[in-house]
Protein chains: 2
Amino acid sequence: MRAKRLDRANCCAVEATLSVIGGVWKPMIVYHLLEGRKRFMELTRLIPSATQRMITLQLREMEADGLLNRHVYAEVPPKVEYELTEFGASLAPVLKTLHQWGERYQRERYGTEPSLGCKRVAD
Amino acid sequence: MRAKRLDRANCCAVEATLSVIGGVWKPMIVYHLLEGRKRFMELTRLIPSATQRMITLQLREMEADGLLNRHVYAEVPPKVEYELTEFGASLAPVLKTLHQWGERYQRERYGTEPSLGCKRVAD
DNA sequence: ACCGTTACTATCATTCTTGTTGGTATGGAA
DNA sequence: TTCCATACCAACAAGAATGATAGTAACGGT
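Residues numbered from 1 in each chain as written. Chains lettered and ligands numbered in written order. Predicted model: local features only at pLDDT ≥ 70, side-chain atom pairs only at ≥ 80, totals over all residues. Heavy atoms only, no water.

Trainee: Help me understand unusual backbone geometry, please; the structure alone is not making it clear to me.
Mentor: Negative phi characterises most residues that are not glycine, and trans characterises most peptide bonds. Pro77 of chain A follows Val76 of chain A through a cis peptide bond whose omega is 0°. Secondary-structure assignment places Pro77 of chain A in the loop between strand S2 (68–73) and strand S3 (79–84). (Helix = DSSP H or I, 4+ residues; strand = E, 2+ residues; numbered from the N terminus.)

Structural data, given as structure tokens:
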């Protein structure tokens, strides 16, 4: 990823995309948010392999990239919801492409059957 | 990328693909090899921002993933050529998809014109 | 009165990734 | 004869990403 010293504006467009959805969690976050807006805690429960800290950091970056909006409710305990923008939702076909190639890779290299649970992406 | 502790065989297919072409250099290597087989030194000159060490490491991983073949000539000074497999070449449409989304991202977020030099991917 | 809940932030420790440097063998050029 | 070129590898250093842990405020439930 090395997002730090990458010039997103002028690098190759392929790199730009990878800097936006590369990594392990951003695709998962997008995937879950394609279902609808979700609270922070919901996301952490949907992605138990990620720490809260990571989810927070990824959400911040995605917000800065215009992929999602943050809806803060002035309540206690706090309530914050995240929702994909139209732009963020436009990643769906990109994820689909990545998913299809990945399935071929897993089949040819490992003889693995595609894992379930990515229905929104696979369709 | 954190390739280390990722189970490529059983993880989500999206992750699998990202583990194979994620990062800054693998897409560039694939891109240049789509033009035809190339020697090691050619690649380092085509991708001057990467150190030789990185190119070597990336090539090794890509070979292990079945994306390319290594042709070693028993000569001195050494001569080694790298060539995409059919499987590796099947990444072209994936790169294209990433490239197209990246262009939109750069246009909408930064008003940047698409950078030249990715013709083989852009078509 | 006490505890759990939420959506974080801040700090440190650990692990991963990348860079830097130096070395190798030998044939051909200068 | 000395130097360069090639395709690396090994060792160490620096830098970046991630994990673990603790803390916050105020409300509802027991």
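Trainee: Is there a simple way to think about helix H4 (residues 52–64) of chain B in this case?
Mentor: Given a rise of 1.5 Å per residue, 13 residues ought to cover 18 Å, and the 18 Å separating the end C-alpha atoms of H4 of chain B matches this to within 8%. At the exit of H4 of chain B stands Gly66 of chain B, carrying a positive phi of roughly 80°. (Expected span 1.5 Å × (residues − 1).)

Trainee: How should the sheet that holds strand S1 (residues 38–39) of chain A be read in this particular structure?
Mentor: Each strand in a sheet pairs with its neighbour through backbone hydrogen bonds, running either in the same direction (parallel) or in the opposite one (antiparallel). Residue and element names in this part refer to chain A. Pairing within the open sheet is antiparallel, and its three strands lie in the order S1-S3-S2. Both edges of this open sheet fall to S1 and S2, since each of them pairs with a single strand only. Relative to S3, S1 runs antiparallel, the two being bridged by two bridges. From the neighbouring strand, Arg39 faces S3, where its bridge partner is Glu81. Docked against the sheet, helix H2 (residues 26–33) engages S1, S2 and S3, running at close to 90° with respect to S3. Relative to S2, helix H4 (residues 52–64) is tilted by about 115°, and along the sheet it contacts S2 and S3. (Pairing = 2+ DSSP bridges. Contact = heavy atoms within 4.5 Å. Axes fitted to C-alpha atoms, helices over the stretch in contact; angles between N-to-C directions.)

Trainee: What exactly am I supposed to notice about the interface of chain B and chain A here?
Mentor: Interfaces are often sized by the amount of accessible area the parts lose when they come together. Contact residues are listed per partner, giving 46 residues for chain B and 46 residues for chain A. Summing both sides of the interface, chain B and chain A together bury roughly 4,100 Å²; the carbon and sulfur share of this comes to 65%. Its largest share of buried area at the contact with chain A, chain B owes to Phe87, Leu98 and Trp101 of chain B, together 17% of the area lost on that side. Joining chain B to chain A, the criterion identifies two salt bridges. The residue Arg104 of chain B makes a salt bridge to Glu86 of chain A at a minimum N-O spacing of 3.1 Å. The interface formed by chain B and chain A contains 26 residue pairs in polar contact (both at pLDDT 80 or more). If you list the elements that add at least two residues to the side of chain B that touches chain A, you get helix H1 (13–21), helix H2 (26–33), helix H5 (86–89) and helix H6 (92–110) of chain B. For the side of chain B that touches chain A, the element with the highest residue contribution is H6 of chain B, accounting for 14 residues. Classifying every residue of the side of chain B that touches chain A gives 26 nonpolar, eleven polar and nine charged. (Buried area = accessible area lost by both parts, 1.4 Å probe. Salt bridge = Lys/Arg side-chain N within 4 Å of Asp/Glu carboxyl O. Polar contact = N/O pair within 3.5 Å; in protein donor to acceptor, adjacent residues only side chain to side chain. Nonpolar A, V, L, I, M, F, W, Y, C, P; charged D, E, K, R; others polar.)

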